[in-house]
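# Structural overview
Single-letter residue listing:
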Amino acid sequence: MKRTSLIAALCLATVAFPAVASAAPESSSPLSRTLQRDADALVAGGSPGALVELSTAQGRIKVRSGHGDLRAKTPVPWNAHFRIASFSKTFLSATMLQLVGEGRLSLNDTVDRWLPGVVRGNGNDGDAITIRQLLQHTSGLHDYLQELDLGTQEGFLRHRFDKLSASEAVKLAIGKAPDFAPGTSWGYSNTNYVLAGMVTEKVTGRRWETEIIERVIRPLGLRETSFPYTSPFLPAPYVRGYDRFPIEGTNPPEFGPRVDVTLMNTAMGGGADGSINSTTEDGNKFLQALLGGRLLKPAQLAEMKKTVPAPGLGDYGLGLVKTAGPCGGYWGHGGALPGYLTGNGVTEDGKRSVMVSLNTLTPFNPGGELPEGNPVDRVIEHALCGTE
């Protein structure tokens, strides 16, 4: 899930909260000190807290800064659970590519092949949209989240516990004309992965969550990765999520004071587009296994890495983003929803990966300028390019 009106505003500004915790005792290398400064800068820039974990063949570095709970003034737990939001899409895409490798599904199958008549009306045609286009965001389908009133403080607090099924989310999307004809452009739409979850269930006869558990989570030993289903709670220990909402009538937008947005139903729309809870350690395990070839056959991993240009994001594959970096490109998939911002990156060979977690979607200070760029990119580049 994402709040589109705020994604473009992800940035750093002026000093707000002091760092209250430093690097783990075992982390004392020059790189760990660099990452600690980066985490402190994220907090100084406006995030309540930050947690960074780098995993390499030589070991792990983990640093933290700021608060996991602003009221209690407690640090971010070292093993904090958080909402990974759209990083969940990579888990579902890998699961579907396993089905492709087993011959149970084809990337060239149409949506109508598995969900006849579900995508129909207002210029939407499930017979013209393929599974590849769902996973690559080239279907042109309207994003159902655009139709939900979650972008204002009043709207979020009123609707954060709403229950919306996958079918209801799709109906909201196809109530609008497509943004473009299938395969002619690229546009991020959570509707694509809602449908991908529905297709997975039709192919397997089981819930999409069960397929991810059996194919990804259990084989990799991701013991701290879980599904909330419709529960608004996070597993302990966790970081509380905070956000600032735009003030109505301000242009350019001004943002109000922080609001605790920890509790919410992230499975709105069925959850296949971004409802997984996890940790930095589990996130790194998954990325390294995926790019290291331990989850998919070579042919399916190659399909996952076939990209199209995604303006403002990089190059988008099948639930994977390729980002250019100063020491070579890296793969990953960020996640953003109210209260939580996740960034990550893994090298081409899968041997080095990093996870960055912030407990806000609006990591900037009141009155500060909103420069372009994602605030976690610098941390990812330092982690993947640095040497011990």
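Just so we're clear, the structure is a prediction, and the values are computed from it rather than from any experiment.

### Some details on the pattern of salt bridges
- Using the criterion set out here, one finds 21 salt bridges in the structure.
- Among the salt bridges present, the one from Arg60 reaches Glu53, with a minimum N-O distance of 2.8 Å.
- A relative accessible area of 46% means that Arg60 is categorised as partly exposed.
- Looking at Glu53, the relative accessible area reads 1%, which means it is buried.
- Where Glu211 meets Arg215, a salt bridge forms, and the shortest distance between an N and an O atom there is 2.7 Å. With Glu211 and Arg215 both in helix α9 (residues 208–220), this residue pair falls 4 residues apart, about one helical turn.

### Notes on the pairing of strand β1 (residues 49–56)
- For β1, the buried fraction is high: 8 of the 8 residues fall into the buried class.
- Both faces of β1 are covered, namely the face carrying Gly49, Leu51, Glu53 and Ser55 and the face carrying Ala50, Val52, Leu54 and Thr56.
- Relative to strand β2 (residues 59–69), β1 runs antiparallel, the two sharing 8 bridges. Looking at the pairing, Leu54 lines up with Ile61 of β2.
- Hairpin connection between β1 and β2: a loop of 2 residues separates the two successive antiparallel strands.
- Bridge count for β1 against strand β16 (residues 353–358) is 6 bridges, and the pairing is antiparallel. Residue pairing across strands places Glu53 opposite Met355, the latter belonging to β16.

### Points about the nonpolar core
- Phe91, Leu105, Phe286 and Leu290 are the most contacted members of the largest nonpolar core, which has 79 residues in total.
- Excluding residues that lie within four positions of it along the chain, Leu290 makes contacts with Thr90, Ala94, Leu295, Leu296, Leu301, Met304 and Leu320.

### Let's talk about empty space enclosed by the protein
- For the structure shown, the criterion picks out 1 cavity of 30 Å³ or more.
- One number sums up the size of the largest cavity: a volume of about 40 Å³.
- For the largest cavity, the full set of lining residues is Gly49, Ala50, Leu51, Val76, Ala80, Phe82, Val239, Ser357, Leu358 and Asn359.
- Broken down by secondary-structure element, the contributors of at least two residues to the lining of the largest cavity are β1 and β16.
- The dominant element in the lining of the largest cavity, judged by the number of residues it contributes, is β1, at 3 residues.
- Taken together, the residues of the lining of the largest cavity sort by class into 7 nonpolar, 3 polar and no charged.

Criteria and cut-off values
Residues numbered from 1 in each chain as written. Predicted model: local features only at pLDDT ≥ 70, side-chain atom pairs only at ≥ 80, totals over all residues. Heavy atoms only, no water. Salt bridge = Lys/Arg side-chain N within 4 Å of Asp/Glu carboxyl O. Buried < 20%, exposed > 50% of the residue type's maximum accessible area, 1.4 Å probe, protein only. Helix = DSSP H or I, 4+ residues; strand = E, 2+ residues; numbered from the N terminus. Pairing = 2+ DSSP bridges. Core = buried A, V, L, I, M, F, W, Y, C linked by side-chain atoms within 4.5 Å. Contact = heavy atoms within 4.5 Å. 1 Å grid on protein atoms, 1.4 Å probe; cavity = no way out; pocket = protein on both sides within 12 Å on 5 of 7 lines; lining within 4 Å. Points joined across faces, edges and corners; volume = space filled by probe spheres on them. Nonpolar A, V, L, I, M, F, W, Y, C, P; charged D, E, K, R; others polar.

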